[in-house]
Amino acid sequence: MNKKHYKFLDLKDVNAPLSNEINDAVSRVVNSGRYIGGPEVQNFEKILAETVGGGVEATGVSNGLDALRLIFRAYIEMGEMKPGDEVIVPANTYIASILAVTDNGLKPVFVEPDIRTLNLDTSLIEKHISPRTRAILTVHLYGRTCYDSTMQQTADKYGLKIVEDNAQAIGAGYSDRRQTGALGNAAAFSFYPTKNIGALGDAGAVTSRDSRLISTVKALANYGSDYRYHNIYQGLNCRLDPIQAAVLSCKLPYLADECKRRTLLASIYEKYINNPLVSKPLYTAHNDMVWHQYVIMTPHRQDLRTYLLENGVETEVHYPTPPHRQPCMREYSDLNLPVTDRIAREVVSLPISACTSADDAVEIAKIINNFSK
Ligand SMILES: *Cc1c(COP(=O)(O)O)cnc(C)c1O
């Protein structure tokens, strides 16, 4: 019998269903003669703001890291923060979240995750606050909203900005009426090709209800120029290309379908995976999870991954080394973050991309259930 192979992700498969629309969008830009800025970018910004809701404005930028860097840089230019100030960050995150803080001369203050959600434990924020704390960087990791009344009340009590790293959670909710990207004071989006909505290259965006923040980000991303040949900041070049904006404008209307597809696969894993050696991610009936990754945990990670691959199932690890253990973050290597370390040792991401069908998910669950020590 020819054993089936379950790919973790193949970006060609992700874009294939929309290839006609995407090709039309690319041709439109090629034929327009407008390759920087212009109507394609403006149109994308408009539909992104509408999608996020909550009265936000959106501005396209070059990628997710730049989106985050520009938010902090804008707060510095606006006089809200200065180098040396502290930002509360989740210890369990992708390193880009932290790089945006350190790149601006701000100091990350690492806070442990809640082992149930793998996101920042909001009950631990307050005891990490000092007179220099200016912001909470919340990361909606793996697609799960990380925001609650404890976070908001702590931010209000100490006058802190809440900055959202929404690279992984576009479309996720908090209660019925609010979405990630409209929960804090400003939010960064990534449209890296592997994200739930991905471009054909690098792309990102910033959303905020604060139009001064948005106009500062826009200027900073365009050499610091507020109007042509007039520079109020020593800025950068972090613009979104119209070709990526056009591609994203044809993918964004399918966001709800993409969230539904991922939720269906997650619900199958939740229902069928039943192995005492494996713990499943928290599963709720709310809209607070868009399943960017379906992350199980096991103390037998290497054995499980080898077994799964032998049975045709590709997996990934997000992420094997936490930021404070990276060589570039040596000054934080003495921190005692046992929950973060345990997560880095035990997490395994299962296939949940467009390559995976509902039947595949049932089969993958059965294969996992046959894993033994
Ligand atoms: C992908 C990602 C980023 C960086 O986005 P890029 O577009 O790759 O620069 C930042 N934070 C998180 C949590 C991410 O997953």
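On a predicted model such as this, the values are computed, not experimentally measured, just so you know.

Asks: Describe the sheet that holds strand 2 (residues 86–90), with residues and values.
Replies: Overall, mixed pairing links the seven strands, which are arranged 1-9-8-5-4-2-3 in an open sheet. Among the strands making up the open sheet, the edge pair consists of strand 1 (57–61) and strand 3 (107–111). Across the sheet, the axes of successive neighbouring strands diverge by a mean angle of 20°, strand direction being ignored.

Asks: For the pattern of salt bridges, give the residues involved together with the corresponding values.
Replies: Counted under the stated rule, the structure contains 20 salt bridges. Across the salt bridge formed by K4 and D360, the nearest N and O atoms sit 3.0 Å from each other. Of this pair, K4 sits in the segment before helix 1 (11–15) while D360 sits in helix 12 (residues 358–369), and the two are 356 residues apart along the sequence. K4 sits in the partly exposed class, given a relative accessible area of 44%. Via salt bridges that share partners, K7, D10 and D13 belong to a single interconnected network.

Asks: Now, about the packing of helix 4 (residues 64–77) against helix 5 (residues 95–103): what can you tell me, with residues and values included?
Replies: At a minimum axis separation of 8 Å, helix 4 and helix 5 run at an interaxial angle of 35°. Of the two possible hands of crossing, helix 4 and helix 5 adopt the one that is right-handed. For the pair formed by helix 4 and helix 5, the contact residues are L65, L68, R69 and F72 on the first element and A96, S97, L99, A100, V101 and D103 on the second. In terms of residue class, the contact of helix 4 with helix 5 is built from seven nonpolar, one polar and two charged.

Asks: How would you summarise the side chain of D114 if you had to cite specific residues and measurements?
Replies: Note on placement: D114 falls in the loop between strand 3 and strand 4 (133–139). Classification of D114 by relative accessible area gives buried; the value is 14%. When residues no more than four places from it in sequence are discounted, the contact partners of D114 are N119, L120 and D121.

About the thresholds
Residue positions are given per chain, counted from 1 along the sequence in the order it is written. Thresholds applied to this predicted model are a pLDDT of at least 70 for local features of residues and 80 or more for the giving and counting of side-chain atom pairs; totals over whole chains, interfaces and linings are not thresholded and use all residues. Values reported for side chains reflect all heavy atoms of the structure, with hydrogen atoms and water molecules removed beforehand. We treat two strands as partners when DSSP finds at least two bridges between them. Only DSSP runs of H or I reaching four residues or more are called helices, and only runs of E reaching two or more are called strands; each is numbered from the N terminus. Angles run from 0 to 180 degrees between N-to-C directions of axes, and those axes are lines fitted to C-alpha atoms, restricted for helices to the stretch in contact. Salt bridges are defined as contacts in which a side-chain nitrogen from Lys or Arg sits within 4 Å of a carboxyl oxygen from Asp or Glu. Under the scheme applied here, a residue whose accessible area is under 20% of the maximum for its type counts as buried, over 50% as exposed, and between as partly exposed, the area being computed with a 1.4 Å probe on protein chains only. We call a crossing left-handed when the near helix sits turned anticlockwise from the far one by less than a right angle, and right-handed when that turn is clockwise. When checking whether two residues touch, look at their non-hydrogen atoms; a contact exists if any pair is within 4.5 Å. Each residue receives one of three labels: charged for Asp, Glu, Lys and Arg, nonpolar for Ala, Val, Leu, Ile, Met, Phe, Trp, Tyr, Cys and Pro, and polar for the others, Gly being one of them.

Limitation: the analysis is restricted to geometry and does not speak to function.
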